[in-house]
Amino acid sequence: MLSTKPAESTDGTEDVTSTSSAGGSSGPKAKKASRGKSGAGRHMYAGRITYAVLTIFTIGSLFPLVWTAIAASRNSARLSQTPPPFWFGGNLFKNLEIAWTDANMGQALLNTTIVAGSVTAGTVIFSTLAGFAFAKLRFRFKNLLMVLIIGTMMVPPQLSVVPLYMLIAELSWTDQLQAVILPTLVSAFGVFFMRQYLTGALPSELIEAARVDGANSMRIIWHIVFPAARPAMAVLGMLTFVMSWNDFFWPIIALTQNGNPTVQVALTGLGRGYIPDQSVIMAGALLGTLPLLIAFVLFGKHIVGGIMQGAVKG
């Protein structure tokens with residue numbers, strides 16, 4: 001006869017090991033069964049299939065970078081052979097030196113750092129302020145303005161090139177870094193992204209309580225809005241920095257390779273000539289990618305921490 005009445009322990013909790021049957025089910029088996037159940041405080045461990053899938057995706061993600069380094073360490077004659085090389089050669093530092101000199105890479109890296117840093121700071125700050133206004137403030141035509149901002153995301157950037165270049169030429173900003181920085185200080189995606197985040201992450205009662213305590217708008221933004229929006233600001237900053245660093249379409253129009261080039265504009269000088277040296281081009285691409293990798297190594301933990309903090313708060 002099966003006994004279904006659990007035995008009570010001294011602290012008032014039920015002991016699952018006391019359930020017995022006529023066949024004599026043992027306590028260790030019940031404990032082993034209880035360990036397999038999921039619950040709060042239990043750790044989840046990945047299996048072999050999970051590790052295999054993660055390994056495949058990791059190799060696939062790292063292969064373009066590794067292949068760029070391999071191609072940069074070879075010469076064009078070896079790269080044109082079949083099969084292509086799959087291991088490093090001895091021309092890496094030579095090709096890096098040629099790419100650094102021919103593409104004016106030092107000036108290009110400095111210009112790109114200035115452009116990407118300025119665009120990232122401006123986009124994050126202005127998008128956060130605009131997102132807070134659309135999420136928590138009340139003003140006329142708010143929904144209409146939000147629809148117009150979202151509508152600008154559907155317009156191809158190629159349509160605005162001619163009037164934008166005419167404006168830049170009228171201001172005598174051609175081949176100047178401000179011609180690339182100012183038109184991209186605010187993005188419609190950033191405003192929409194911050195508005196969606198702050199709508200749920202920032203309680204309206206907290207803002208009302210701050211106003212009751214006598215805080216002005218600047219103090220509310222600095223002490224309440226920015227701390228609450230920090231995870232989303234980290235994500236938006238990371239995306240904006242990468243997009244600005246890799247931007248090619250507008251910088252190649254507004255800047256020149258011999259004046260104030262960014263990295264992407266400078267790399268176009270390596271592809272000139274009757275027979276372009278593919279190994280030198282790969283070396284220049286490697287030089288342009290290394291700062292992004294260094295930035296992710298240095299600040300990746302903080303970015304992931306901000307994302308996880310936002311996920312926990314959500």
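Heads up: the structure comes first, above all this text.
The model shown is predicted, which means the values in this text are computed figures rather than measured ones. (Residues numbered from 1 in each chain as written. Predicted model: local features only at pLDDT ≥ 70, side-chain atom pairs only at ≥ 80, totals over all residues. Heavy atoms only, no water.)

Engineer: Sorry if this is basic, but what is going on with the packing of helix H5 (residues 105–136) against helix H9 (residues 188–201) here?
Structural biologist: Helices that pack against each other are described as a pair by the angle of their axes relative to one another and the distance between those axes. Running from N to C, H5 and H9 cross one another at 50°; their axes reach a closest spacing of 7 Å. The orientation of H5 relative to H9 falls into the category oblique. In the crossing of H5 with H9, the sense of the turn from one axis to the other is right-handed. Contact residues: Ser127, Thr128, Ala130, Gly131, Phe132, Phe134, Ala135 and Lys136 in H5; Gly190, Val191, Met194, Arg195, Leu198 and Thr199 in H9. (Axes fitted to C-alpha atoms, helices over the stretch in contact; angles between N-to-C directions. Helix = DSSP H or I, 4+ residues; strand = E, 2+ residues; numbered from the N terminus. Parallel < 35°, antiparallel > 145°, perpendicular 65-115°, else oblique. Left-handed = near helix turned anticlockwise from the far one by under 90°. Contact = heavy atoms within 4.5 Å.)

Engineer: Mind showing me how you'd approach the environment of Ala234 here?
Structural biologist: The topology assignment puts Ala234 in helix H12 (residues 230–245). Distance in space between the C-alpha atoms of Ala234 and Val124 is 8.5 Å, their sequence separation being 110 residues.

Engineer: Help me understand the nonpolar core, please; the structure alone is not making it clear to me.
Structural biologist: In a soluble, globular protein the nonpolar side chains are often hidden away together inside. By size, the foremost hydrophobic cluster in this structure holds 20 residues, and its most contacted members are Phe132, Met194, Leu198, Leu202, Ile220, Val225 and Met233. Of all the elements in the fold, those that place two or more residues in this core are H5, H9, helix H10 (204–212), helix H11 (217–228) and H12. The greatest single-element share of this core, amounting to six residues, is contributed by H11. If you look at the next biggest cluster of nonpolar residues, it comprises 17 residues, including Ala72, Ala103, Val280 and Leu292. (Core = buried A, V, L, I, M, F, W, Y, C linked by side-chain atoms within 4.5 Å. Buried < 20%, exposed > 50% of the residue type's maximum accessible area, 1.4 Å probe, protein only.)

Engineer: Could you clarify how one ought to interpret the packing of aromatic side chains in this entry?
Structural biologist: Here the structure, examined in full by the defined rule, presents five aromatic pairs. For the pair Trp87 and Phe88, a centre-to-centre distance of 5.3 Å together with 75° between the ring planes defines the contact as edge-to-face. Classification of Phe88 by relative accessible area gives partly exposed; the value is 37%. (Phe/Tyr/Trp six-rings, centres within 6.5 Å; stacked < 30°, edge-to-face > 60°.)

Engineer: Before we go on, may I ask you to explain the side chain of Thr112 in this structure?
Structural biologist: Mapping Thr112 onto the fold places it in helix H5. Setting aside anything within four residues of it in sequence, one finds Thr112 in contact with Trp245, Thr262 and Val263.

Engineer: Please clarify how unusual backbone geometry should be interpreted in this entry.
Structural biologist: For residues other than glycine, phi is negative in most cases, and the peptide bonds are mostly trans. Positive phi values are uncommon outside glycine, yet Phe141 reaches one of about 60°. Mapped onto the elements, Phe141 comes out in the loop between H5 and helix H6 (142–152). By relative accessible area, Phe141 is classed as exposed at 51%. A positive phi is found at Asp175, a non-glycine position, where the angle reads about 65°. Along the chain, the position of Asp175 falls in the loop between helix H7 (161–170) and helix H8 (178–181). For Asp175, a relative accessible area of 18% gives the class buried.

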